[in-house]
Amino acid sequence: MKFNTIIIGGGLSGLTAAIQLQLSGESTAVISAGQSALHFSSGTFGILNSGAVLPEGHPYSKIGPKLQDYIARIKPFFAKAGVSLHGNDSRNMLRLTPTGTFQECRYAMEEVELFDAGNPDIGNKVLIVNVQGFFDFNTAFIAQGLEKAGATCRIESVSLPEFGRVRESPSEMRSVNLARILEGGGTLDEFIASVKALIKDEDTVILPEIFGLRDSSPALKVKESLGVRCIFVGTMPPSVPGIRCQMQLRRYYESLGGIFLMGDEAVGVNIADSTVKAVSTKNLGAHWLMADNFILSTGSFFSKGLASSPEGVTEPLFGVDTSYDKNRPEWYRRDFFESQPYMEFGVATDGGFHAIKDGIPLTNLYAAGSILAGRGPLTLGCGAGVAILTAFAVADSITGGKA
Amino acid sequence: MKLQEFTSSAHNFEECMKCTVCAAYCPVVQVNPRYPGPKQAGPDGERLRLKDPIFFDEALKYCLNCKRCEVACPSGVNVADIIQEARMKYGKSKPRLRDRILASTDVMGPLAVPFAPVVNFATGLGVTKAVLHATMGIDRHRTFPKYSSRTFEAWFRRNALKEQRKYDNRVAFFHGCYVNYNYPALGKDFVKIMNAIGYGVELLDKEQCCGVAMISNGMYDGAVKHARNNVSALSKAVDKGLKILTTSSTCTFTMRDEYPSLLKVDNSAVRDSILLATRFIYEQVESGAVKLAFKDGYKARIAYHTPCHMEKLGWGVFSKAILARIPGVEFTALDSNCCGISGTYGFKKENYGVSQAIGKPLFDHIASVNPDFVACDCETCKWQIEMSTGYKVLNPISVLAEALDLEKTARINGF
Ligand SMILES: Cc1cc2nc3c(=O)[nH]c(=O)nc-3n(C[C@H](O)[C@H](O)[C@H](O)COP(=O)(O)OP(=O)(O)OC[C@H]3O[C@@H](n4cnc5c(N)ncnc54)[C@H](O)[C@@H]3O)c2cc1C
Ligand code: SF4
Ligand code: SF4
């Protein structure tokens, strides 16, 4: 098969680039080995923590003056795909984390509550409600965190007959299965009524993020119906808003005529004269996929876009050049919560995001997203930002700005 | 580095990072609380079973072997293979008579075909269904696949064999039980198309059922026997330089992937020669070797369902491309969902409710698209969708046979 562009890796970055290209009239295919990091997302997107200083070689520095313009495009872009984001284009807000602390982010899925940076108003009296027997949501952590911030918390749980079915198999009492039960209809109404009945004098209710796998309407309905402010807090993975976002992007991409090869893995490459001619996949075997341009968005170590061994950090598919500390003991800091240098390792690119092989940039292979060197997803809070903004940049350079 | 290679175990099970993404995509977990879910049944349970087989849980039998967990896993763990292998290794429940009958598609076929009208009449009767439901555990709601009164092979030998000698280019056809006993029309469509694009068709020397139903019913020895027989039959065709084409995604998947990974039958000599007909045709057209001419005025609104094993095989892209490019076709790819039948699983009384619940999102989607018909490369999905939605289901090869101007196609390809 032949396409204008083939995107390897179908996470946030790959899908963003693929949609942009498809919208500009290109024919594209996405190869995606497994589900992406969006399945672990908090439902919020970080661009850059306030006060953070961009280290030299950070992917943003390669985007240059267009960066602000690209940031302003994020909300409209996701809205087209049916993912409604809120947040301010020019400053960070705070989200409430599962440990009851606040963390900066730029955008959030529409049901996720955002707080003003300086002085997050959590309310005085907070009711934290869990589903009985659901262990992937730690109410005590949240209460502890909020009480430190001066709120009074009360913890309750709701039990509905419908949950009993999931509870029969303790290992399957998970966010996604609960979200399926709470998709709408009678059970959602019953749940809302049970929570309402628990509210005494509280001004705020906190619930786990278990609403709306297909679209956000169940979450919005809960928010509207409780009569007091409702804050959703993330659960242990998988993330319901993250899966929803992944599915919505994929559905939109396919509705534009894009080909999404789910569960397939790029395994072979054909490079000649510093130009990628074709890739082969595990499932398609001898049927090579050809394209004019290729985007490498296979993610970081977590998604196997990068591999590490005692000998160093490599990019396993194309074997393109990587940037990392040759002195292995420098890869980690002993304190788990310190910034970990290995997170900044990744694929080296030229100023236009071309991947480099043996020192020579490949003419038509672009790298985008968390595979790139120089990021600092935890310390800089640039995870989703790098994924989306570098995808915009790459799509623009492929189409000459038409995307 | 080397050490890691030596400490790897089968099916990548130690690659599991416990993320539970597999469970989010398992169709059984969504409807059957008695099923422990892919992570627990697969890599987590394996850890325990390796310590002591006493940890084997008979509830693993609820797994459909649909492989959706594997398609979703970010770590490349072969979750479903771990589960099937555990069932093979530790499972104590022996297949019942009912399971044996459902699984033995190519034993029952020859028995039923000579009496097709009687068998079809009987299995269509409420009273037969009630008896089967009560005595055998075959759910009374099921519509039985009709048996044809003449097998595809018999038709082929009598009506098509001689014709095939005209063609210098040949392909071998693994027709499978369904084409042979239930729906020879699909096989005939296949032969028509192949002839029109300039290929003669050969049958294999004694093909047997691919064995998928035996695998899912715990009849592993039988499945291995079939696999060995088929690999040897396929090898003969491959030795002659032939590709082996199929019209069923499940037979294809079983012969390519389940033979080596589950049944431990080496198929390396034939694996890459087994192709779905839609992939073969797509590749011939793409390379310019073959041209297709369509009927004027063909019109159809088609919704395509990707069967689970097709999803795993990753070849749905060929069937979809072929259908979507037929002039006059309005094409919708349905959201990827399991239809719930999973071969013989849904025929069993104890699974009927679960089976229908699994398929519901798919049935609802089909109803909302309201196509002229559904297209799909799997025969058991066809039964399930036809029974549950009332929409007709056609194999893409039959759709193509209907849409093509076969004479003109033959002409422009020089025949
Ligand atoms: C656990 C976790 C949680 C995070 N949470 C947040 C958050 O809440 N907010 C935030 O802003 N950022 C978060 N991040 C940062 C995250 O990196 C980005 O937000 C973003 O999702 C990364 O997208 P990506 O497309 O670059 O990579 P990924 O999402 O990792 O996608 C890469 C894809 O490529 C596939 N792939 C790999 N190799 C191949 C191959 N050979 N062939 C085909 N496909 C292949 C993988 O299977 C995967 O699907 C998180 C990261 C992680 C790891
Ligand atoms: S998806 Fe894969 S890695 Fe995640 S729990 Fe399941 S088997 Fe383990
Ligand atoms: S094969 Fe299908 S039914 Fe079995 S565990 Fe995996 S997803 Fe679930």
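Just so it is clear, the structure is predicted and the values come from calculations on it, not from any experiment.

All names here are of chain A. Mapped onto the elements of the fold, serine 239 is located in the loop between strand S11 (229-233) and helix H9 (240-255). A residue is classified by how much of its surface remains accessible, and serine 239, at 7% relative accessible area, is buried. Expressed as a C-alpha distance, the spacing of serine 239 and leucine 213, which sit 26 residues apart in the sequence, is 9.4 Å. In this view, serine 239 contacts Leu38, His39, Phe40 and Ser41; residues no more than four positions away in its chain are not counted. A polar contact of 2.8 Å, which involves the side chain of serine 239, links it to the backbone oxygen of serine 41.

This brings us to the pattern of salt bridges. Scanning the entire structure with this criterion turns up 38 salt bridges over all chains. With a closest N to O distance of 4.0 Å, B:Asp335 and A:Arg251 form a salt bridge. Taken as a pair, B:Asp335 in the loop between strand S6 (329-333) and helix H19 (352-369) and A:Arg251 in helix H9 lie in two separate chains rather than in one. In this structure B:Asp335 comes out as partly exposed when scored by relative accessible area, which is 23%. The partly exposed category is assigned to A:Arg251, whose relative accessible area is 27%. B:Glu15 serves as the salt-bridge partner of A:Lys304, at 2.7 Å between the closest nitrogen and oxygen.

Here the focus is the packing of helix H1 (residues 12-23) of chain A against H9(A). Residue and element names in this part refer to chain A. Running from N to C, H1 and H9 cross one another at 25°; their axes reach a closest spacing of 10 Å. With respect to H9, the axis of H1 lies roughly parallel. Along this stretch, H1 crosses H9, giving a crossing that reads as left-handed. Within the contact between the two elements, H1 uses Leu12, Leu15, Ala18, Ile19, Gln22 and Leu23 and H9 uses Gln246, Leu249, Arg250, Tyr252 and Tyr253. For the contact of H1 with H9, a count of residues per class yields eight nonpolar, two polar and one charged.

In this section: the interface of chain A and chain B. Taken together, the contacts link 34 residues of chain A with 38 residues of chain B. Put simply, chain A and chain B have three salt bridges between them. Counting across the chain A and chain B interface gives 12 residue pairs in polar contact (both at pLDDT 80 or more). Among the elements of the structure, helix H6 (175-181), H9 and strand S12 (259-262) of chain A are those that each provide at least two residues to the side of chain A that touches chain B. When grouped by side-chain class, the residues that make up the side of chain A that touches chain B number 13 nonpolar, 10 polar and 11 charged.

So, on to the sheet that holds strand S7 (residues 373-375) of chain B. Residue and element names in this part refer to chain B. With parallel pairing, the four strands of this open sheet are ordered in space as S6-S5-S7-S8. One side of each edge strand has no neighbouring strand; the edge strands of this open sheet are S6 and strand S8 (393-394). Here two bridges tie S7 to S8, and the two strands are oriented parallel to one another. Within S8, the position partnered with valine 374 by the bridge is valine 393.

Attention now moves to the site of ligand 2. Residue and element names in this part refer to chain B. Taken together, the neighbourhood of ligand 2 is formed by 14 residues, with Cys16, Cys19, Thr20, Cys22 and Cys73 sitting nearest. Broken down by secondary-structure element, the contributors of at least two residues to the shell around ligand 2 are helix H2 (21-25) and helix H3 (38-51). By residue class, the composition of the shell around ligand 2 is 10 nonpolar, two polar and two charged.

With that settled, consider the sheet that holds strand S4 (residues 85-86) of chain A. All names here are of chain A. The antiparallel open sheet is built from three strands, whose spatial order is S3-S7-S4. Both outer strands of the open sheet, strand S3 (44-45) and S4, are each paired with one neighbouring strand and no more. Here S4 runs beside strand S7 (residues 107-109); their pairing, made up of two bridges, is antiparallel. Considered in S7, the bridge of histidine 86 is made with alanine 108.

Residue and element names in this part refer to chain B. Two numbers describe how helix H10 (residues 152-164) lies on helix H12 (residues 184-196): the axes approach to 10 Å, and their chain directions differ by 15°. In terms of orientation, H10 lies roughly parallel with respect to H12. Once H10 is placed against H12, the crossing between them reads as right-handed. Residues Phe152, Trp155, Phe156, Ala160 and Gln164 of H10 form the contact with H12, whose own contacting residues are Pro184, Gly187, Lys188, Val191 and Asn195. Of the residues belonging to the contact of H10 with H12, the class tally is six nonpolar, three polar and one charged.

Quick look at the domain arrangement of chain B now. Residues and elements named next belong to chain B. Domain boundaries in chain B define domain 1 (3-90) and domain 2 (300-406). Placing the centre of domain 1 and that of domain 2 at their C-alpha centroids yields a distance of 27 Å. Each partner contributes residues to the interface: domain 1 has 14 residues there, and domain 2 has 15 residues. Summed over both sides, the interface between domain 1 and domain 2 buries roughly 1,200 Å², with carbon and sulfur atoms accounting for 63% of that surface. For the domain 1 face of the interface with domain 2, the top three residues by lost area are Val31, Leu64 and Arg68, together amounting to 48%. In this structure, the connection of domain 1 to domain 2 is made through one salt bridge.

Right, let's get into the site of ligand 3. Around ligand 3 sit 13 residues in total, of which B:Cys26, B:Tyr35, B:Cys63, B:Cys66 and B:Cys69 are the nearest. Taken together, the residues of the shell around ligand 3 break down into 11 nonpolar, one polar and one charged.

The next subject is a nonpolar patch on the surface. All names here are of chain B. Together, Leu48, Ile54 and Phe55 line one region of the surface with nonpolar side chains, adding up to about 310 Å² of accessible area. With respect to the helices and strands, phenylalanine 55 occurs in the loop between H3 and helix H4 (68-72). The class of phenylalanine 55 is partly exposed, set by a relative accessible area of 44%.

Core analysis: the biggest nonpolar cluster contains 129 residues, and A:Phe45, A:Phe78, A:Leu389 and B:Phe190 have the highest contact counts within it. Ranked by residue count, the leading element in this core is helix H10 (residues 383-399) of chain A, at 11 residues. In this view, A:Leu389 contacts A:Ile47, A:Tyr60, A:Ile63, A:Leu67, A:Tyr70, A:Ile71 and A:Ile74; residues no more than four positions away in its chain are not counted.

Time to look at the packing of aromatic side chains. Centre-to-centre distance and the angle between the planes together describe a pair of aromatic rings. All names here are of chain A. The final tally for this structure, using the stated rule, is 26 aromatic pairs over all chains. Taken together, a centroid distance of 6.3 Å and an interplanar angle of 80° make the contact between phenylalanine 163 and phenylalanine 191 edge-to-face. Of the two residues, phenylalanine 163 is situated in helix H5 (residues 161-167) and phenylalanine 191 in helix H7 (residues 185-198); the sequence distance between them amounts to 28 residues. On the accessibility criterion, phenylalanine 163 (0% relative accessible area) is buried.

Another aspect to go through is the side chain of B:Ser75. Mapped onto the secondary structure, B:Ser75 falls in the loop between H4 and helix H5 (79-90). Residue classification places B:Ser75 among the buried positions, given a relative accessible area of 7%.

Criteria and cut-off values
- Residues numbered from 1 in each chain as written.
- Chains lettered and ligands numbered in written order.
- Predicted model: local features only at pLDDT ≥ 70, side-chain atom pairs only at ≥ 80, totals over all residues.
- Heavy atoms only, no water.
- Helix = DSSP H or I, 4+ residues; strand = E, 2+ residues; numbered from the N terminus.
- Buried < 20%, exposed > 50% of the residue type's maximum accessible area, 1.4 Å probe, protein only.
- Contact = heavy atoms within 4.5 Å.
- Polar contact = N/O pair within 3.5 Å; in protein donor to acceptor, adjacent residues only side chain to side chain.
- Salt bridge = Lys/Arg side-chain N within 4 Å of Asp/Glu carboxyl O.
- Axes fitted to C-alpha atoms, helices over the stretch in contact; angles between N-to-C directions.
- Parallel < 35°, antiparallel > 145°, perpendicular 65-115°, else oblique.
- Left-handed = near helix turned anticlockwise from the far one by under 90°.
- Nonpolar A, V, L, I, M, F, W, Y, C, P; charged D, E, K, R; others polar.
- Pairing = 2+ DSSP bridges.
- Near = heavy atom within 4 Å.
- Domains from an automatic or database assignment.
- Buried area = accessible area lost by both parts, 1.4 Å probe.
- Patch = residues over 30% accessible without salt bridge, like charges linked within 9 Å, V, L, I, M, F, W, Y side chains within 5 Å.
- Areas by Shrake-Rupley, 256 points an atom, 1.4 Å probe, with all protein chains shown as cover.
- Core = buried A, V, L, I, M, F, W, Y, C linked by side-chain atoms within 4.5 Å.
- Phe/Tyr/Trp six-rings, centres within 6.5 Å; stacked < 30°, edge-to-face > 60°.

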